[in-house]
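What follows is each chain in one-letter form.
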Amino acid sequence: MKYDVVVVGAGIAGPIVARNVAKAGFSVLLIDKKPAIGTPKQCAEGISMTVFKKYDIPYDRRYINREIYGAKLYSPSGYELELRYKEASGVILERKVFDKMLAYYAAKAGADVLARTEAVDVIKKGGRVAGIKAKHEDEPVEIYADVIVAADGVESKIARKAGINTYAPPHEFDSSYEYEMLIEGFDPDLIHLWFGNEVAPRGYVWVFPKDEDRANVGIGINSDNPQTAKYYLDKWLKENNIPAKKLLEINVGVVPVGGFVKELAKDNVVVVGDAARQVNPMHGGGMAEAMEAGTIASKWIVKALEEENISLLQNYTKEWWETDGKRLEKVLKVRKVTEKLTDEDLDLFIQVLGSADAEKIASGNYGGVIKALLKHPKVILSPRRIKLLRELL
Ligand SMILES: Cc1cc2nc3c(=O)[nH]c(=O)nc-3n(C[C@H](O)[C@H](O)[C@H](O)COP(=O)(O)OP(=O)(O)OC[C@H]3O[C@@H](n4cnc5c(N)ncnc54)[C@H](O)[C@@H]3O)c2cc1C
């Protein structure tokens, strides 16, 4: 088989690249090892409303479980902070349908799509990667392509096999555990997040409603923690008297929350999405980041093919690092500071912050909020808190 571009992985990043490159008239093959694209999912399925227009994705009720109007944050001692909008700010997707439909949009744009096709190695010829060795329904196949895209998620092996350094230490990953379950007593129009070093070290517990009485209930903690994410999630459910006997799904996953891959294109190989650790290090959301990286990558793949100049792929690395990379590096800095917060700090901040402050933080505008916090008496009296907050400025 020979294509202009082969894309390994039909999660979020892969289909966006495949669709955009096929739209430009080039031959594309999108492969995924899953027999049913999108299944199983490893995701809490929350995404901002802005992505549909921005990345030209139809707002299709088939993959939208619920519209969400804001968030509620809970501190270790039970202080609450609510952020509620009049208009829906995000949605909880049905990723099993969403991923499959993204692959369908790529197919409609002209790409070939093969499920149950696992890339096992790269083919090297004359010192460069000439294609992919794969197994299609257990039969070996060789797929040759001018450009190879590694969109194969957090456990990516294709970029590594092509010689791109994707290593990160365990501390730069979160372990996640999630139940899709029946749960009552939470406002289903908001997402709910609980913080605390005893609740979820470095991370948070989430309830993302998919229905009035059904939600993704999950947790993310630092991967190098001696206890498992399941231990903390079950403990939280027990402490909150939430029965865990109506579990519709159990998902386990790893989220890269730092150390973005430096070299995103090497010769004719490109790495996108979780495979490049292009995830928001603060909340672990990576779908929008995968869409953004996929959009930048596909722009440069099309240019490189049109101008028959593979070295133009390097502009993907450059553009991503100058735009989203720069933004996410700042978020990573904030995450490293928040890792040092005690439960008392979390209580204080959630107690004194108002919804207007939370809105600013949600939009990435930390400066004004931190300056206001620095004037609070409980902050002024604590040199440690002053130091931590100043690190964020
Ligand atoms: C528990 C959990 C909750 C999360 N919640 C959210 C959330 O609410 N919102 C959000 O934005 N993000 C969330 N994320 C992160 C989000 O799921 C990822 O950032 C996003 O899916 C990245 O997309 P991707 O295309 O890079 O990779 P993936 O979606 O992981 O897709 C990679 C694809 O590659 C395929 N693949 C892998 N290896 C091969 C191979 N060798 N050959 C062929 N195919 C292969 C896989 O089958 C998979 O379909 C969550 C993650 C976890 C684990």
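This one's a predicted model, so the numbers in the text were calculated from it and none came from an experiment.

Rules used throughout
Residues numbered from 1 in each chain as written. Predicted model: local features only at pLDDT ≥ 70, side-chain atom pairs only at ≥ 80, totals over all residues. Heavy atoms only, no water. Pairing = 2+ DSSP bridges. Helix = DSSP H or I, 4+ residues; strand = E, 2+ residues; numbered from the N terminus. Axes fitted to C-alpha atoms, helices over the stretch in contact; angles between N-to-C directions. Buried < 20%, exposed > 50% of the residue type's maximum accessible area, 1.4 Å probe, protein only. Right-handed = clockwise from strand over helix to strand, strands pointing away. Phe/Tyr/Trp six-rings, centres within 6.5 Å; stacked < 30°, edge-to-face > 60°. Lys NZ or Arg CZ within 6 Å of the ring centre and 35° of its normal. UniProt positions renumbered as here; feature names shortened; annotations may be inferred. Contact = heavy atoms within 4.5 Å. Near = heavy atom within 4 Å. Polar contact = N/O pair within 3.5 Å; in protein donor to acceptor, adjacent residues only side chain to side chain. Nonpolar A, V, L, I, M, F, W, Y, C, P; charged D, E, K, R; others polar. Domains from an automatic or database assignment. Arc of directions from axis to C-beta.

Turning next to the sheet that holds strand β12 (residues 173–182). Reading across from one edge, β6-β5-β13-β14-β15-β12-β16 is the order of the seven strands in this open sheet, with mixed pairing throughout. The strands lining the two open edges of the sheet, one partner per strand, are β6 (80–84) and β16 (247–256). The sheet shows a mean angle of 15° between the axes of neighbouring strands, direction not considered. Across nine bridges, β12 lies against β16 in antiparallel orientation. Paired with Ser175 across the bridge in β16 is Val254.

Burial of strand β2 (residues 28–31) is two-sided: the residues Val28 and Leu30 facing one way and the residues Leu29 and Ile31 facing the other way are all buried. The pairing of strand β1 (residues 2–8) with β2 spans four bridges and is parallel. Bridged to Val7 within β2 is Leu30. Read from β1 through helix α1 (residues 13–23) to β2, the crossover connection turns out right-handed. Pairing geometry for β2 and strand β8 (residues 112–114), over three bridges, is parallel. Bridge assignment links Leu30 to a residue of β8, and that residue is Val113.

Our next topic: the packing of aromatic side chains. Summed over all chains, the structure comprises 14 aromatic pairs. Ring centres of Tyr63 and Phe98 lie 4.9 Å apart, and the angle between their planes is 75°; this geometry places the pair in the edge-to-face category. Placement of Tyr63 in the loop between α2 (51–54) and β4 (64–68) and of Phe98 in helix α3 (residues 95–108) is noted, with a sequence separation of 35 residues between them. Comparing Tyr63 with Phe98, the two get one shared label, buried. Three or more aromatic residues link up through ring pairs in this structure, and these residues are Tyr74, Phe186, Trp194 and Trp236. Just above the ring of Trp300 sits the side chain of Lys303; from NZ or CZ to the centre is 4.9 Å.

Right, let's get into the UniProt feature "binding site: a 2,3-bis-O-(geranylgeranyl)-sn-glycerol 1-phospholipid" (unreviewed entry) in the protein chain. Under the feature "binding site: a 2,3-bis-O-(geranylgeranyl)-sn-glycerol 1-phospholipid" (unreviewed entry), the UniProt entry names Arg327. Here Arg327 is to be found in helix α7 (residues 314–338). By relative accessible area, which is 38% here, Arg327 ends up partly exposed. In contact with Arg327, other than residues within four places in its own chain, are Asn280 and Glu289.

Taken together, the neighbourhood of the ligand is formed by 33 residues, with Ile12, Asp32, Gly46, Arg95 and Asp274 sitting nearest. Within the backbone of Gly286, one N or O atom sits 3.0 Å away from a nitrogen atom of the ligand. If you list the elements that add at least two residues to the shell around the ligand, you get β9 (117–125), β16 and α6 (287–306). Residue contributions to the shell around the ligand peak at three residues, all from β9. Of the residues assigned to the shell around the ligand, the class counts are 12 nonpolar, 12 polar and nine charged. Of the domains in this structure, domain 1 (2–66 + 89–168 + 258–329) and domain 2 (170–256) are the two that each give at least three residues to the shell around the ligand.

Looking now at the environment of Leu389. Turning to its location among the elements, Leu389 is positioned in helix α12 (residues 383–392). The buried category is assigned to Leu389, whose relative accessible area is 4%. Counting along the chain gives 55 residues from Leu389 to Val334, while the straight-line C-alpha distance between them is 9.5 Å. If we ignore the near neighbours within four places in the chain, the residues touching Leu389 are Phe349, Ile370, Leu373, Leu374 and Val379.

This part is about helix α5 (residues 229–239). Within α5 the residues assigned to the buried category are Ala229, Tyr232, Leu233, Trp236 and Leu237. The buried residues of α5 all sit within an arc of 135° when viewed along its axis, so they share a single face. Counted as exposed and oriented over 90 degrees from the buried face of α5: Lys238 and Glu239. On its buried side, α5 packs onto β12, β13 (191–194), β14 (204–209) and β15 (214–222). Looking one or two places after α5, you find Asn241, whose phi comes out positive at around 55°.

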